[in-house]
Amino acid sequence: MCDIDLYHNEIGKIIVENIKKYNHDNSSITNSDLKAIIDSIEYLMINYNSDYHQCVLLMKEEFDLMYKRYLRLLSKLFISDNVFYNDTIKYGLKGFFRSYNYIYSAKDRVITADYPTYLSADGEGIKFVRKYLDHIIIENDFLNHFDHHMISELLLTYDVDYHNMPINIFSYVLLHVLGCLICHKPLYTLDKNDITYLKQILNNEENIKRILKKYIFILAREYKLSKRIYRYITKGYDQLVAMILYHDINKVFLIITKHKFLKLYPSQLTDIQFNNIITEINDNNYLDILNDLISIYDVIDIMNECLNDKQRQIYIEQLDDDSKEMIIKMLDNSI
C-alpha cells in the first residue's frame, strides 16, 4: 500500500472515531455534520503540522495556555464603560473557552469579535482567537498606564454616547498621549490652541510620518513601554498616519472639556430621591446637585421645580454645545 493510501486509510479511521465521539457511538450522521468533522481534522493537521492525535495534544496545550492568559487579563482588565469592550472581552472570549469544539468546529471562531482592535486579527478557529487575545492583552497593558476616569472623560469628547459605539479605545488614548508629547503638554491638558498647532505641523503625509516616528519612540521611553507594546504600535504606523491625514483632527486628538454632558437617558430618580432633592436644594448647592445628574429629563424636572431664570442660565452655560441646545429646546417645550 502506498503512502497516499496509508494516509487516506488513517484519515478514514479518525473520521469514524470522531463521528462516534460527536454522535455518541451512533455512526449515522448528516452530510453537513460529516463535512464539519472532516474540516476540523484538516484544520488541526494543517495548523499543527503533525499526525492528528499529536495535533489534538498541541491544540489542547495552546488552548490551556490561552485560557490562563485570559484569566490574567480579566484580573487586571482596564476599566471602561464601553459596551462593545466589556461584552466582547468579559463574555465573548469567555464563550469561546466554554464552547470551542475541536472535533466538530475546530475552524470556527465561536465568538463575535465586535470590539475592534488597533491591529486586526485574521485566521480561523483557535488561531484567530489567539491573535485577537494577543491584541487585547497588549492594548490592555498599554491602557493600564493611564487613569480610567480621565480616559472616560477624554472619550466623551469623541462622542457623548461613545459607551455604545464600537470604537478602539487604545487608538484614541495613544493619539492623545502622542499629541501631549508633541505639544510638550502634561497628560490630559491638550486644548484648542494645541489642536490648531497639531493641524499646522501635521499638514502632509511626510510630516506626519516623520513626527510620529520621533514621538512614538519618545512615548515608549517616557512610559517605559515593553518592546511588545512598542512593536504593536509601530505595526499600525500607517493606520495612525491615515487617521490624522483623512479624518477631522478634532476627532483624532481628543481634548478633555470642562463642560458637562447630558444624555437622553430615562429618568434615573425615584420619587423619594426627587423629593429629597427638592427639599435639600438651595442657592449654594444647586450646581453640585444638578451636576450629579446625567439624565436630561431629571435635570429639566428639577429646574422647572426649583430654579429661577438666573440659576438656569448659570447651569446651562457650563454644558457642552449639544447638551446646551438640547436642554434649551426641551425647556421651551416643557413650559
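Above this text sits the structure in question.
Residues numbered from 1 in each chain as written. Predicted model: local features only at pLDDT ≥ 70, side-chain atom pairs only at ≥ 80, totals over all residues. Heavy atoms only, no water.

As a further point, take a nonpolar patch on the surface. A cluster of nonpolar side chains, namely Tyr67, Leu71 and Leu74, defines an oily patch on the protein surface of about 240 Å² accessible area. Turning to its location among the elements, Leu74 is positioned in helix H3 (residues 52-75). (Patch = residues over 30% accessible without salt bridge, like charges linked within 9 Å, V, L, I, M, F, W, Y side chains within 5 Å. Areas by Shrake-Rupley, 256 points an atom, 1.4 Å probe, with all protein chains shown as cover. Salt bridge = Lys/Arg side-chain N within 4 Å of Asp/Glu carboxyl O. Helix = DSSP H or I, 4+ residues; strand = E, 2+ residues; numbered from the N terminus.)

Let's shift gears to helix H4 (residues 83-99). The end-to-end C-alpha separation of H4 is 22 Å, in line with the 24 Å expected for 17 residues at 1.5 Å each. The principal kink in H4, of about 30°, is found at Ile89. Those residues of H4 not exposed but buried are Tyr85, Asn86, Thr88, Ile89, Gly92, Leu93, Phe96 and Phe97. In this fold, the buried residues of H4 make contact with H3, helix H5 (125-143) and helix H7 (169-182). Near the N-terminus of H4, the side chain that reaches the backbone nitrogen of Phe84, with its oxygen 3.1 Å away, is that of Asn82. (Expected span 1.5 Å × (residues − 1). Bend = angle between axes of the 7 residues up to and from the residue. Buried < 20%, exposed > 50% of the residue type's maximum accessible area, 1.4 Å probe, protein only. Contact = heavy atoms within 4.5 Å. Polar contact = N/O pair within 3.5 Å; in protein donor to acceptor, adjacent residues only side chain to side chain.)

Here the focus is the packing of H5 against helix H10 (residues 227-235). At a closest axis distance of 10 Å, the pairing of H5 and H10 adopts a crossing angle of 110°. The angle between H5 and H10 falls in the class roughly perpendicular. Of H10, the residues touching H5 (which contributes Asp134, His135, Ile137, Ile138, Glu139, Asp141 and Phe142) are Arg228, Ile229, Tyr232 and Ile233. Class assignment of the residues belonging to the contact of H5 with H10 gives a composition of six nonpolar, one polar and four charged. (Axes fitted to C-alpha atoms, helices over the stretch in contact; angles between N-to-C directions. Parallel < 35°, antiparallel > 145°, perpendicular 65-115°, else oblique. Nonpolar A, V, L, I, M, F, W, Y, C, P; charged D, E, K, R; others polar.)

With respect to the helices and strands, Ile138 occurs in helix H5. Classification of Ile138 by relative accessible area gives buried; the value is 7%. Each residue touching Ile138, except ones within four places of it in the same chain, is listed here: Arg228, Ile229 and Tyr232.

Core analysis: the biggest nonpolar cluster contains 92 residues, and Leu44, Phe142 and Ile233 have the highest contact counts within it. In this structure, Phe142 is in contact with Phe170, Val173, Leu174, Leu219, Leu225, Ile229 and Ile233, ignoring residues within four places of it in sequence. With 17 residues, the next largest nonpolar core counts Tyr286, Leu307, Ile316 and Leu319 among its residues. (Core = buried A, V, L, I, M, F, W, Y, C linked by side-chain atoms within 4.5 Å.)

Right, let's talk about the side chain of Asp298 for a bit. Tracing the chain through its elements places Asp298 in helix H14 (residues 296-306). Of the residues examined, Asp298 reaches a relative accessible area of 2% and is grouped as buried. Apart from the residues lying within four places of it in its own chain, the contact partners of Asp298 are Ser267, Gln268, Leu269 and Leu293.

Now for the side chain of Asn207. Mapped onto the elements, Asn207 comes out in helix H9 (residues 205-222). Here Asn207 falls in the buried class, since its relative accessible area comes to 18%. Once you skip the residues sitting within four places of it in the chain, Asn207 turns out to touch Ile201 and Leu202.

Attention now goes to the pattern of salt bridges. A side chain of one charge can pair with a side chain of the opposite charge if their charged atoms are brought near each other. Under the counting rule described, the total for this entry stands at 15 salt bridges. Ionic pairing is found between Lys35 and Asp39, a salt bridge with its closest N-O pair at 2.8 Å. Here Lys35 pairs with Asp39, and both are found in helix H2 (residues 31-48), just four residues apart, close to one helical turn. Classification of Lys35 by relative accessible area gives exposed; the value is 52%. Residue classification places Asp39 among the buried positions, given a relative accessible area of 18%. Between Arg221 and Glu222 there is a salt bridge, with its nearest N and O atoms 3.6 Å apart. Looking at Arg221, the relative accessible area reads 51%, which means it is exposed. Judged by relative accessible area, Glu222 falls into the partly exposed class, the value being 46%.

Here the structure, examined in full by the defined rule, presents 16 aromatic pairs. Summarising the aromatic geometry, the rings of Tyr158 and Tyr172 are spaced 4.9 Å apart at their centres and angled 50° between planes, so their arrangement reads as tilted. Here Tyr158, found in the loop between helix H6 (148-156) and H7, pairs with Tyr172, found in helix H7; they are 14 residues apart in sequence, far enough to count as distant. Tyr172 matches Tyr158 in its accessibility class, with the two residues each being buried. Connected via pairs of aromatic rings, a cluster forms that spans Phe63, Tyr67, Tyr70, Phe96, Phe97 and Tyr100. Above the ring of Tyr158, the side-chain terminus of Lys251 is found at 5.4 Å from the ring centroid. (Phe/Tyr/Trp six-rings, centres within 6.5 Å; stacked < 30°, edge-to-face > 60°. Lys NZ or Arg CZ within 6 Å of the ring centre and 35° of its normal.)

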